[in-house]
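The primary structure of each chain is shown beneath.
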Amino acid sequence: MLSISRQTEGEKEPRLITTLAISGYRSLRDLIVPLGRLTIITGANGSGKTSLYRALHLLAETAQGRLVGSLASEGGLPSTLWAGPEVIGRMVRAGVHPVQGTVRKRPVALRLGFGSDDFGYAIDLGMPSPGNPFPLDPAIKVEAMWTGETLRPAAMFAERRGPFVRLRTARSHSWREVTHDLSPFDSMVTHCADPVDGAELLAMRERMRDWRFYDSLRTDPAAPARRRQVMTYTPVLAGDGADLAAAIATIRAIGDCDALDAAIEHAFPGSSLTTEADGHHGGIQFHQPGLLRPLGAAELSDGTLRFLLLVAALLSPRPPELMVLNEPEASLHQSLMPALARLVVTASPERQIVLVSHSDTLIRAIERKGAVNEIRLAKNFGETFSPDLDTPTWVWPRR
Ligand SMILES: Nc1ncnc2c1ncn2[C@@H]1O[C@H](COP(=O)(O)OP(=O)(O)O)[C@@H](O)[C@H]1O
Ligand SMILES: [Mg+2]
């Protein structure tokens, strides 16, 4: 029985994305990782952490209709495709033979997918057909959506092969072709949410659109977060942090004020955070012991401002199903790591969090506070792998 719905408010255990699968993307030649309620991705410089973050972001972009454009802006397939050999032979791994290109046996493929408690999705991109006016744009070859954690033909409810898309519902059981001319640069996720047979597809797309990503929240002197801003209802902090004050005021109005105050007190003992408004526009006010007046966002240090941005992001009164943070510790002083760890752990019961981090101090501090799924990445022959991982079961849709 197909049943995909949005999380209803008040439900205790939000759904989990349980598996992330990536193949042929940059150094992620073939990586399948399990995700938990709180997952930390770590590893040395160049091990593939940011690539994994990007891969998850690309999946979310699919639901916004931006996947092919995003890949193109990263340099298209020539740059994003795994640059090593199709297979790394045993003799190469043993150091007997050097790495060499061989004649490809399989078509060029960049594949992304995820499985969750209740449904899964995978997309397979390759070279556009000869004569396509955009030869560097990757073309979508196959997409599949299914119920349950791993792909089984009987559990599939949406399938795309080249320009053909077919859908089926729980009730009908039989497939219905909804289009035979989908462009190779458009995904069925955005173009085939058919109201009759595509309800599941539509529900899934809406959930993927809700995934939230924070990467390098700017704190430089010209950062959007330092400017005065329109004070309007803001349950979700913008990706560039431009609406920090409005987001803090919204947490004060409808969110968890105690968690907000506790996070500030923990990071900056004796300090407090409020907002002010002068007509439509306003800003934050950071009150610190020893100062005669509060400081505005323009006056705060990079580290302080970044911490406040992370507070606003993590304590959003409209928690997303999945929140992904890329190296939030950047520019934060070591002394703030315990407070950031506590903030992440406080936020995680209500939202699944994937945290990409390079900071041992932050990771150890989070681990001391509770159960974490830690995934350590390393590189071997240019390929990212996770040395101490039990690889989850995963099945790619076939071309
Ligand atoms: N197309 C590609 N094929 C193989 N490796 C690549 C490709 N593009 C980039 N890389 C490598 O992927 C590695 C991972 O980079 P990145 O994800 O930024 O690492 P981290 O964030 O862990 O420092 C880099 O060492 C880079 O050289
Ligand atoms: Mg990185």
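See the structure printed just above.
As the structure is a computational prediction, the values presented were derived from the model and not from experiment. (Residues numbered from 1 in each chain as written. Chains lettered and ligands numbered in written order. Predicted model: local features only at pLDDT ≥ 70, side-chain atom pairs only at ≥ 80, totals over all residues. Heavy atoms only, no water.)

Draft legend 1. Spatial organisation of the overall build of the chain. Broken down by element type, the chain carries eleven helices and 17 strands. In terms of overall dimensions, the chain is globule-like: its C-alpha atoms have a radius of gyration of 23 Å, near the 21 Å expected for 399 residues. A principal-axis box enclosing the C-alpha atoms of the chain has dimensions of 70 × 60 × 40 Å. In the chain, 63% of the contacts between residues at least 6 apart in sequence involve partners at least 24 apart. Per element, the accessible surface of the chain, about 18000 Å² overall, is 54% carbon and sulfur. When the 44 positive and 44 negative side-chain charges of the chain are each reduced to one mean point, those points stand 5 Å apart. (Helix = DSSP H or I, 4+ residues; strand = E, 2+ residues; numbered from the N terminus. Rg over C-alpha atoms; globule rule 2.2 N^0.38 Å. Contact = heavy atoms within 4.5 Å. Areas by Shrake-Rupley, 256 points an atom, 1.4 Å probe, with all protein chains shown as cover. Lys, Arg positive; Asp, Glu negative; His and termini not counted. Charge placed at Lys NZ, Arg CZ, Asp CG, Glu CD.)

Draft legend 2. The arrangement of the sheet that holds strand β14 (residues 322-326) in detail. In space, the six strands of this open sheet follow the order β10-β14-β15-β3-β16-β17, with mixed pairing throughout. Looking at strand neighbours, the two that pair on one side only are β10 (212-215) and β17 (383-385), the edges of this open sheet. Strand after strand, the sheet turns through a mean of 15° between neighbouring axes, direction not considered. Two strands pair when backbone bridges link them, and strand β3 (residues 38-43) and strand β15 (residues 352-356) are joined in this way by four bridges, in the parallel orientation. In the strand pairing of β15, L38 is matched with I353. Against the sheet, helix α1 (residues 49-62) engages β3, β10, β14, β15 and β16 (373-380), with an angle of about 145° to β10. The sheet strands contacting helix α9 (residues 302-314) are β10, β14 and β15, and the helix crosses β14 at an angle near 165°. (Pairing = 2+ DSSP bridges. Axes fitted to C-alpha atoms, helices over the stretch in contact; angles between N-to-C directions.)

Purely spatial values, then, with no claim about function.
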